[in-house]
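# Structural characterization, general
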Amino acid sequence: MALASAESVAVKHKKIQHSEFMRIVRQVFRGWLTYVAAGFLLLVLVGALFAPWIAPYQLNQPDLTAMLSPPSAQHLMGTDEVGIDLFTEVLYGGRISLMIGFASATVAVVIGGTIGALAGYFGGWVYFVLMRLTDVGLSVPILFVILALTALLGPSPETIIGVISLTSWMYPARITCSQFLTFKQRDFVLSARTVGGRDMRIIVRHIFPNALAPLIVNATLLVGQAIVLESVMSFLGAGIQPPNISWGYLLNQAQSYLTSAPWLSVFPGLMIFLVVLAINVLGDAIRDALDVQAIREGGM
Amino acid sequence: MYSLELKHHIGGIKIQMKKTKRIFAASGIALTAVLFAGALSLSSARTADAASQGGTIVDGLYEEPANLNPILGPDQTFSNIVQTSMFRNLFYVNPHNQLMPDLATSVPTMQNGGISKNGLVYTFHLRPNARWSNGQPFTSKDVWITYKLILNPKVNAVSTLGWTDIAKFQIINAKTFRLTLKRPDGALLDNCFSGNLPGILPYSVFKNMAPQAVNTAAFNHNPTVSDGPFKFQSWNPGAAITVVRNPYWYGPKPKAAQIVFKIIPNENTLLANAQAHAVNVWYFDPIEDVSQIQAIPGATLHFVAQPAWEMAVLNLRNPILQNVKVRQALELAINRPALVTDIWKGHASLIAADQPAVSWSNNPALKPYPYNPALAAKLLREAGWKMGADGYLHKGNQIFNLVYSTTAGNPYRAATERLVMFWLKQLGIQITIHNYPANEFFGSVLPSGKGWGLGEFQYGDGPDPSFGDVALFSNLGGQDFGHFNNSAVNQLLQRQAGLSTIAQRKPLLQKVETILHDQLPALWYYSPQLLATSINMTGYAPNPWGADTWNCWEWAPTK
């Protein structure tokens, strides 16, 4: 009878978790703006994923009879300086830019979150060492590190993700650390310790969910920052090179044609702007939903 | 300020007040008119004064010079532009590639006795009225101190070419000196005395300076003594260098009172400045801005054939490129006529080797390789390359992959790369693009010989066409990036260096061209025209053989 009770408790616990999750999802999508942002991002993701099937032309196929053509029925977004269809480039560019953006932000948040969590939870010399390491990371000129690493490793997408992550983890680390310093003194953490909860369980199950909100917001900012940073790297010759195309590469190439062919900068720039805006809107909605959840539950 | 007169009649009071007001108003108007007229006349006086003084020419510089010392490296076009406004040499090269006397009274030749019959002794006569901007005469000692410092290994001289051939420097008197050479050198005058990189230093400044101190001398950023039409006034780093009329310049009084070299390291900003008439001169305009520049009212766009060529040097350390059939296939596979018509809008010409048609060593018997991808494919098969299932050529386990490098941020090169990548892909050649900032590309990437297979850049030759060949494709220069080191070319270049006349040297240099055409140490793209813009000014005449400031005393603003 006791065993049956334990099983039903476990099932109930799962049901509770599922309904909590659905409540959070409903909370996230309570505004129309979130629907628009999510819908737009989904559209961009689908476009990027299915670019080979959606793109009207082949990538990296010049057409010298159509160089720098303005938008038209044949070329929705116009063509570039060697006659390649810009809509095709924007579709394919989305693959690299989004991958770099999300991957860099994810890696930076994982690294920074881990460092910040350990520093904030354990305190003492652990805090001192890890936070001083963070300070060192913040003091080093980012572009210098980026150029040096890219020169050593070559400008591939993997290198760029690694380089951007290595120069972006410090802010998530600081945010996570400050959250942990705040929450580790709370009653629910003390209670968890009192009943014998292990450090890793307390960090992962109790404190981290409460520290998530600002981290998510920071992560959304990092996505946009990573996409822009890739563009700066392209300007310095350290970014994505053909045959890979990114929105940053397209923006860089458009510099010389700002007045003569403005579509070259407008469309990639608009994509970056709208994607970053949509990610920020979603990030805000998720943060608001998690904040409400944290207040209601007082920590799990 | 009312002067109220006490009147018992209200109307009278009002009339009186009104009258006072009118007087006051009239006085105010009169005073204003006087002041305005005064300001106008003052402004007119200033304008007239400025006009009589010559006005200011603003020259937009794309790069800031590293220094303004006429013997120090690096070799920078934009340093040369500023230096040429301040420093002159014994001779200058006019736009027709003719050597003309400048600080010397005549060009030494065998006919006038200035060069001995054996070509070993040169005698120079200096202009009697040539002076430095501090009033001191220009003398043989100035040339002597220049010679001593250029050859000193502690000095970072931009070039020692020609100077190393001097066995003895003899000062006859203040205005005459004689050089005895180790061997005849037909390019001595061009390489040593016809430009401002290197130029001539003032003895009064450098006579007691230790050679190692020359590299970091204050003079390099504050050239207080010069001998050209303008003299240095100020250098605001990152912003502008200003030069003003040199009262001791021997030539005609410069028409402009001053030239401001405005540093604008961004072509969009340069274009915006040109459109706003904020610059009068824009040298080295980008080809993609031609139509917009031509639309600027008051602007004249100058297209000039120049002794320069765009190429992709081949790194012959790479085993793939060591087979001449492969190099020829690459040349045939690239649609260079399309680069000329579509990227350069016709403002370039195809070349068979490195010397364009304007150069006297150009070999007219040589023709540019045609665009023939079928022949290219055949040559690659003969070289043992077979098409793989992945769409790329293979030889055993090796895939045909080359790294293509050039300067980052250059639009026409970026366009060229994408086109080359496409054309070569049709033949199964995989191109990996890796670009670098210019100073890194030229400073370390090319010289290292590592990490690149094709290196695209443009080389601008001087008046003597052997300079580029020696520098880039022989073991005698210092820029054989591709490790060509062809013994026949080395011998021909060495032989011609010991001859005195063009007639003697030309056949040897044309043989060099033939070898460069057949052996392809570089893919010969085209010779681009020089593009430069002048706005609201007269006297501007870009010189393909030297800096565009070669005649800056003629520059005059029209507005």
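These figures come from a predicted structure and were not determined experimentally.

### Quick word on the overall build of chain A
- Scanning chain A for helices and strands turns up 12 helices and zero strands.
- N-terminal to C-terminal, the α/β element order of chain A is α-α-α-α-α-α-α-α-α-α-α-α.
- Structurally, chain A occupies a C-alpha span of about 80 × 45 × 30 Å along its principal axes.
- Counting every position in chain A, which comprises 300 residues, the buried fraction comes to 39%.
- If you take every contact in chain A between residues at least 6 apart in sequence, the share linking residues at least 24 apart comes to 71%.

### Side note on the overall build of chain B
- Summing up its helical and strand segments, chain B has 16 helices and 23 strands in all.
- Along the first, second and third principal axes, the C-alpha atoms of chain B reach 125 × 70 × 40 Å.
- If you take every contact in chain B between residues at least 6 apart in sequence, the share linking residues at least 24 apart comes to 68%.

### Here's the deal with the sheet that holds strand 7 (residues 230-236) of chain B
Residues and elements named next belong to chain B.
- In spatial order, the strands read 7-8-9-1-10-21-11; together these seven strands make up an open sheet with mixed pairing. Each edge of the open sheet is held by one strand with a lone partner, namely strand 7 and strand 11 (299-304). Strand after strand, the sheet turns through a mean of 20° between neighbouring axes, direction not considered.
- Strand direction decides the pairing type here: strand 11 and strand 21 (residues 530-535), joined by six bridges, are antiparallel. Considered in strand 21, the bridge of His302 is made with Ala532.
- Where helix 2 (residues 77-86) meets the sheet, its contacts fall on strand 1 (56-61), strand 7, strand 8 (240-245), strand 9 (258-263) and strand 10 (281-283), and the angle it forms with strand 7 comes to roughly 135°.

### A few points about the interface of chain A and chain B
- Taken together, the contacts link 22 residues of chain A with 23 residues of chain B.
- Counted by class, the side of chain A that touches chain B contains 11 nonpolar, 10 polar and one charged residues.

### Thoughts on the environment of Met86 of chain B
All names here are of chain B.
- Tracing the sequence through the fold places Met86 in helix 2.
- Each C-alpha atom, one on Met86 and one on Gly55, is 18 Å from the other, the two residues being 31 residues apart in sequence.
- Each residue touching Met86, except ones within four places of it in the same chain, is listed here: Pro223, Ser226, Gly228, Phe230, Lys231, Phe232 and Val243.

### What about the sheet that holds strand 14 (residues 386-387) of chain B?
- The antiparallel open sheet is built from three strands, whose spatial order is 14-15-16 (chain B). Each edge of the open sheet is held by one strand with a lone partner, namely strand 14 and strand 16 (398-399) of chain B.

### Focus on the nonpolar core
All names here are of chain B.
- The biggest cluster of nonpolar side chains holds 146 residues, and the ones touching the most others in it are Ala333, Leu523 and Trp524.
- Here the element with the most residues in this core is helix 12 (residues 411-426); it accounts for seven residues.
- Ignoring any residue separated from it by four or fewer positions in sequence, one finds Ala333 in contact with Pro373, Ala376, Trp423, Leu424 and Leu427.

The rules behind each value
Residues numbered from 1 in each chain as written. Chains lettered and ligands numbered in written order. Predicted model: local features only at pLDDT ≥ 70, side-chain atom pairs only at ≥ 80, totals over all residues. Helix = DSSP H or I, 4+ residues; strand = E, 2+ residues; numbered from the N terminus. Buried ≥ 20, exposed ≤ 12 C-beta atoms within 10 Å, placed from the backbone. Contact = placed C-beta atoms within 7 Å. Pairing = 2+ DSSP bridges. Axes fitted to C-alpha atoms, helices over the stretch in contact; angles between N-to-C directions. Nonpolar A, V, L, I, M, F, W, Y, C, P; charged D, E, K, R; others polar. Core = buried A, V, L, I, M, F, W, Y, C linked by C-beta atoms within 7 Å.

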